[in-house]
Amino acid sequence: MLIGQDFDKIETYIFGYKFLEINALYGDTLILIIALFFANKTSKLSQNNPFFNNWKWFFIIFGVGFFAGGLGHFVFHYWGLPGKYASWYLGIIAVYFIEKAIVSIYPNQLYKKRFNTFIGLKLILALITATCVFTFIDLTKDPQKGLFVPSVNSIIGLGLTVGLIGYYYQKTITPSFKYLWISALVLIPSAIFQSKKINIHQWFDRNDVSHILLIISLFLYYKAIKGYSEHLKTLD
């Protein structure tokens, strides 16, 4: 185990080409498969309801974004830092679809309109700010700076929707919405592992721990979605 520093990146040679962090590609591919599985399950709950449609697109974009991130790690020698930009952009967009899903069933129409305006402006601001960071800041010295905008965007967006509004829905709509804010608590250890650089093993580092916790969060998201679907059936 290493704390405060990372293991040397795993190198893999295929047909004379040098690749890095194949373990990250494995984890990100697994996230893609699971996310697409939940996207398919969610699409079967309703074809026209914006709540379910937005969640479906979240799962798709989230999974594709992580797979792109895995490729960015894997072919870093050939793509460099720009190879990571797609995953960072998609992370911002994925959060937007969670926000759209949660706000779509907000009962107060005035606040619903205001929430939609807020998340729309936040999306534009986040994409523009991220582009400025990628363009004008030298990320070669500290690539982690590239995650700053997506991370802040996630904290604000998920804190408001999955956290506060999710808790409100638990009290006013159906108890299954508790899984939304629980999912946020599940990710707290990930922040600790990442910030303190706690690496259990070279083949199971801090990023792999984050992958496991993210998969648990995806499962909890679907639990909340499925619970809301069952709630709607009781109203018919």
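Chains are numbered independently. Their residues run from 1 in the order of the written sequence. Only residues with pLDDT of at least 70 are given local features in this predicted model, and only at 80 or more are side-chain atom pairs given and counted; all residues enter the totals for whole chains, interfaces and linings. As a convention, hydrogens and water are excluded, and side-chain values are obtained from all of the structure's heavy atoms.

A word on the overall build of the protein
Applied cut-off: Comment: elements are numbered from the N terminus, with helices defined as DSSP H or I runs of at least four residues and strands as E runs of at least two. Exposed residues in this analysis have more than 50% of their type's maximum accessible area, buried residues have under 20%, and partly exposed residues fall in between, with area computed by a 1.4 Å probe over protein chains only. In this analysis, two residues are considered to be in contact whenever any of their non-hydrogen atoms come within 4.5 Å of each other. Per-residue accessibility takes into account occlusion by the displayed protein chains alone, with areas from the Shrake-Rupley method and a 1.4 Å probe. The charge count includes Lys and Arg as positive and Asp and Glu as negative, but it does not include His or the ends of the chains. Where a charge lies is defined by one atom per residue type: Lys uses NZ, Arg uses CZ, Asp uses CG and Glu uses CD.
Per the secondary structure count, the protein includes nine helices and four strands. Sequence-ordered secondary structure for the protein, helices as α and strands as β, is β-β-β-α-α-α-α-α-α-α-α-β-α. In the protein, which comprises 236 residues, the proportion classed as buried is 46%. A sequence separation of at least 24 residues applies to 72% of the contacts in the protein between residues at least 6 apart. Total accessible area on the protein stands at roughly 12,500 Å², and carbon and sulfur atoms take up 67% of it. Averaging the positions of the 21 positive and the 12 negative side-chain charges in the protein gives two centres separated by 12 Å.

Points about the packing of aromatic side chains
Where we set the bar: Two rings from Phe, Tyr or Trp (for Trp, the six-membered ring) form a pair when their centres are within 6.5 Å of each other. A pair whose planes differ by under 30 degrees is stacked, one over 60 is edge-to-face, and the rest are tilted. Over a ring means this: the NZ of a Lys or the CZ of an Arg is within 6 Å of the ring centre and within 35 degrees of the ring normal.
Scanning all chains against the criterion turns up 27 aromatic pairs. The side chain of R114 reaches across the aromatic face of Y111, ending 5.5 Å from its centre.

Re the packing of helix 5 (residues 109-136) against helix 6 (residues 148-172)
Note the threshold: Structural elements are reduced to axes, namely lines fitted to C-alpha atoms, with helices fitted over the stretch in contact, and the angle between N-to-C directions of any two is expressed from 0 to 180 degrees. Our angle categories are set so that under 35 degrees counts as roughly parallel, over 145 as roughly antiparallel, 65 to 115 as roughly perpendicular, and the remainder as oblique. Note on convention: the crossing is left-handed when the near helix lies turned anticlockwise from the far helix by less than a right angle, right-handed when the turn is clockwise. Charged residues are taken to be Asp, Glu, Lys and Arg, nonpolar residues to be Ala, Val, Leu, Ile, Met, Phe, Trp, Tyr, Cys and Pro, and polar residues to be all remaining types, Gly included.
Between helix 5 and helix 6, the least distance of the axes is 9 Å, while the angle of their chain directions is 165°. When the interaxial angle is binned, helix 5 and helix 6 end up roughly antiparallel. Remark: the crossing between helix 5 and helix 6 carries left-handed chirality. Residues F115, F118, K122, A126, T129, A130 and V133 of helix 5 form the contact with helix 6, whose participating residues are V149, N153, I156, G157, L160 and I165. Here the residues of the contact of helix 5 with helix 6 sort into nine nonpolar, three polar and one charged.

Section: the pattern of salt bridges
Condition: The salt bridge criterion pairs a side-chain nitrogen of Lys or Arg with a carboxyl oxygen of Asp or Glu, the two atoms within 4 Å.
Summed over the entire model, instances satisfying the criterion amount to three salt bridges. Taking the shortest distance from any N to any O, the salt bridge between K9 and E21 comes out at 3.7 Å. Separated by twelve residues along the polypeptide, K9 in the loop between strand 1 (2-3) and strand 2 (11-14) and E21 in the loop between strand 3 (17-20) and helix 1 (22-43) bring together distant segments of the chain. The buried category is assigned to E21, whose relative accessible area is 9%. Across the salt bridge formed by K122 and E99, the nearest N and O atoms sit 2.7 Å from each other. Taken together, the positions of K122 in helix 5 and E99 in helix 4 (residues 82-103) put the pair 23 residues apart, joining distant regions of the chain.

Notes on the packing of helix 2 (residues 50-74) against helix 4
Two numbers describe how helix 2 lies on helix 4: the axes approach to 8 Å, and their chain directions differ by 165°. Taken together, the axes of helix 2 and helix 4 are roughly antiparallel relative to one another. Here helix 2 and helix 4 pass one another in a crossing that is left-handed. Looking at the contact of helix 2 with helix 4 residue by residue, the class counts come to 15 nonpolar, seven polar and two charged.

Notes on the pairing of strand 2
This is how the line gets drawn: Whether two strands pair comes down to DSSP finding at least two bridges between them.
The pairing of strand 2 with strand 3 spans four bridges and is antiparallel. Across the sheet, the residue bridging to T12 is F19, located in strand 3. Hairpin connection between strand 2 and strand 3: a loop of two residues separates the two successive antiparallel strands, and F15 in this loop has a positive phi of roughly 50°.

Here we look at the nonpolar core
A general feature of soluble globular proteins is that nonpolar side chains tend to end up buried together. Threshold: Residues enter a nonpolar core if they are buried and are Ala, Val, Leu, Ile, Met, Phe, Trp, Tyr or Cys, with the set joined through side-chain atoms within 4.5 Å.
Formed by 49 residues in total, the largest nonpolar core has its most connected members in F51, W55, F58, F59, L218 and Y221. Breaking this core down by element, the ones donating at least two residues are helix 1, helix 2, helix 4, helix 5, helix 6 and helix 9 (206-235). The greatest single-element share of this core, amounting to eleven residues, is contributed by helix 4. In this structure W55 touches T42, I98, A101, I102, L180, Y221 and I225, once residues within four positions along its chain are discounted. The next biggest cluster of nonpolar side chains, apart from the first, holds six residues, and it includes I10, F19, F74 and V75.

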